[in-house]
Amino acid sequence: MNPYLEILPEVQQALANGKPVVALESTIIAHGMPYPQNVQTALEVEAVVREAGAIPATIAILNGKCCVGLTQQQIEHLGQAKDVWKVSLVDMPYVVSQRLDGATTVATTMRIAAMASIRVFVTGGTGGVHRGAETTLDISADLTEMGQTSVAVVSAGVKSILDIGLTLEYLETKGIPVVTIGQDAFPSFYSRQSGFASPLRLDSPREIADMLRIKWDLGLNGAVLIANPIPEKFEVPAPEMEWYITQALHAAAQQHIKGKAVTPFLLKYIAEHSHGESLEANIALIKHNARLGAELAAAYTQV
């Protein structure tokens, strides 16, 4: 047992018995949504995973421990505390060594999930290549982590605030398969369309589970990014969302927002200026992803 890991007994038992387990990130709780929607959404997402036949394992760093599976009290703490770190891989040794509390990004959640031998991870949208990265070199650690950590990532595509075309190019360079379920177009988080074709398409959790098993059996380490388009009734049309994103990027530049503060700022700005439309879409897509992730985890235990 890794001394830095603290696995909830229910999760530990499921792993020991070969039952399906789904990892969930915690950045959305501490930095992605306002209270109380953040806590309510986290608990509802866990419930969706259970309903679909898997055990949820929300991941965070608490008092310097990498926690795999959280109690409701711990989720409440993350949702209300003001001094919770947003932990990417570069921060992880500091936060653990200083015994701090941290909400984990996609990259850090993947790493901790892999430490606990969890193969399927669900998030809202992943990071990627930021707009203007040709001059800033601002590329999310999520992508480099996907290139080396063998955990399947279920998302609604990459966040639409990013440069989706460059992100897809970078994923190909890193040898990370990108599969969209059920459609040929690659989705863009809030929207079912992005203007880009998906590199690959599969139409069922079982097909994706077969691909995962074969990929890793071949010794091809690293993730598969599984894009799950937001349900049509909840989507925000891409042109409308692009208008909000442009305004948010302009506001961020004016306020000199940089680094890891950019994404939370943009998401908050868009939620406020879209009159909650983007927040509703965000909640809907995460639950949609949770169901697919649970179905995929169950299918993976059977292949």
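Before reading further, recall that the structure is shown in the block above.
Just so it is clear, the model here is predicted, and its values are computed rather than measured. In this numbering scheme, every chain counts its residues from 1 along its sequence in written order. Confidence filtering applies because this is a predicted model: local features only for residues at pLDDT of at least 70, side-chain atom pairs given and counted only at 80 or more, and all residues used for totals across whole chains, interfaces and linings. Values reported for side chains reflect all heavy atoms of the structure, with hydrogen atoms and water molecules removed beforehand.

Q: Account for helix α13 (residues 277-300), naming residues and giving values.
A: Between the first and last C-alpha of α13 there are 34 Å, a value that for 24 residues agrees with the 34 Å anticipated at 1.5 Å per step. Categorising residues by exposure relies on relative accessible area from a 1.4 Å probe, with only protein chains included: less than 20% of the type maximum marks a residue as buried, more than 50% marks it as exposed, and the intermediate range marks it as partly exposed. Numbering of helices and strands runs from the N terminus; a helix is a DSSP stretch of H or I covering at least four residues, while a strand is a stretch of E covering at least two. With respect to burial, α13 is a largely interior element, 18 of its 24 residues being buried. Expected helix span is given by 1.5 Å per residue-to-residue step, counting one fewer step than there are residues.

Q: I'd love a proper account of the nonpolar core, names of residues and values included.
A: Here the nonpolar core consists of buried residues drawn from Ala, Val, Leu, Ile, Met, Phe, Trp, Tyr and Cys, with membership extended through side-chain atoms lying within 4.5 Å. Judged by nonpolar contacts, the single largest core of 103 residues is most densely connected at Val68, Met146 and Leu296. At twelve residues, the largest contribution of residues to this core is made by α13. The contact definition used throughout considers only heavy atoms, calling two residues in contact when any of these lie within 4.5 Å. Setting aside anything within four residues of it in sequence, one finds Val68 in contact with Leu5, Glu6, Ile7, Leu8, Val11, Ala57, Thr58, Ile59, Ile112, Ala116 and Ile118.

Q: Can you explain the layout of surface pockets? Please cite residues and give values.
A: Here a cavity denotes a set of grid points, spaced 1 Å apart and computed over the protein atoms alone, in which a 1.4 Å probe fits but from which it cannot get out, and a pocket denotes an open set meeting protein on both sides within 12 Å along at least five of seven lines; residues with an atom within 4 Å of a point are reported as lining. Grid points are joined across faces, edges and corners, and a volume is the space filled by probe spheres set on the points. Empty space within the largest pocket amounts to approximately 660 Å³. Those elements that place two or more of their residues in the lining of the largest pocket are α2 (27-32), α8 (141-146), α12 (262-273) and α13. Ranked by the residues each element gives to the lining of the largest pocket, the list is headed by α2, at four residues. The residue classification treats Ala, Val, Leu, Ile, Met, Phe, Trp, Tyr, Cys and Pro as nonpolar and Asp, Glu, Lys and Arg as charged. All others, Gly included, are polar. Of the residues contributing to the lining of the largest pocket, the split by class is eleven nonpolar, 15 polar and seven charged. Approximately 530 Å³ is the volume found for the second largest pocket.

Q: Hey, could you go over unusual backbone geometry for me, with residue numbers and the actual values?
A: Cis geometry marks the peptide bond from Tyr35 to Pro36; its omega dihedral reads 10 degrees. In this structure, Ser117 is a non-glycine residue whose phi angle is positive, near 65 degrees. Within the secondary structure, Ser117 is located in the loop between α6 (106-115) and β7 (120-122). When its relative accessible area of 57% is taken as the criterion, Ser117 is described as exposed.

Q: Run through the packing of aromatic side chains, naming residues and quoting values.
A: Two rings from Phe, Tyr or Trp (for Trp, the six-membered ring) form a pair when their centres sit within 6.5 Å of each other. Planes less than 30 degrees apart are called stacked, planes more than 60 degrees apart edge-to-face, and all others tilted. Here the structure, examined in full by the defined rule, presents five aromatic pairs. Their ring planes at 75 degrees and their centres at 5.5 Å tell us that Trp243 and Tyr244 sit as a pair that is edge-to-face. Residue class for Trp243 comes out exposed when judged on its relative accessible area of 52%. Overall, Tyr244 belongs to the buried group, its relative accessible area being 11%. Arg119 extends its terminal NZ or CZ atom over the ring of Trp216, reaching a point 4.2 Å from the ring centre. Lysine NZ or arginine CZ positioned within 6 Å of the ring centre and within 35 degrees of the ring normal marks a charge as sitting over the ring.

Q: Let's hear about the pattern of salt bridges: which residues, and what values?
A: A carboxyl oxygen of Asp or Glu within 4 Å of a side-chain nitrogen of Lys or Arg is what we treat as a salt bridge. Going through the model one piece at a time under the given rule, you end up with eight salt bridges. Across the pair Glu44 and Lys287 runs a salt bridge whose closest N-O atoms are separated by 2.5 Å. Of this pair, Glu44 sits in helix α3 (residues 37-51) while Lys287 sits in helix α13, placing them 243 residues apart in sequence. A relative accessible area of 27% places Glu44 in the partly exposed class. Judged by relative accessible area, which is 26%, Lys287 ranks as partly exposed. The partner of Glu145 in a salt bridge is Arg111, with the nearest N and O atoms 2.7 Å apart. Of this pair, Glu145 sits in helix α8 while Arg111 sits in helix α6, placing them 34 residues apart in sequence. Residues participating in the shared-partner salt-bridge network are Asp184, Arg201 and Asp203.

Q: How would you sum up the packing of α3 against α13? Please name residues and give values.
A: For every element, the axis is a line fit to its C-alpha atoms; helices are fit only across the contacting stretch, and the angle between N-to-C directions ranges from 0 to 180 degrees. Their axes nearest at 8 Å, the elements α3 and α13 cross at an angle of 25 degrees. One way to sum up the angle between α3 and α13 is to call them roughly parallel. In this structure, α3 meets α13 at a crossing whose hand is right-handed. Contacts between α3 and α13 involve Gln37, Thr41, Glu44, Val45, Val48, Val49 and Glu51 from the former and Leu279, Ile283, Ile286, Lys287, Ala290, Arg291 and Ala294 from the latter. Of the residues contributing to the contact of α3 with α13, the split by class is eight nonpolar, two polar and four charged. For this classification, under 35 degrees means roughly parallel, over 145 means roughly antiparallel, 65 to 115 means roughly perpendicular, and everything else is oblique. Left-handed describes a crossing in which the near helix is turned anticlockwise from the far one by less than a right angle; the clockwise case is right-handed.

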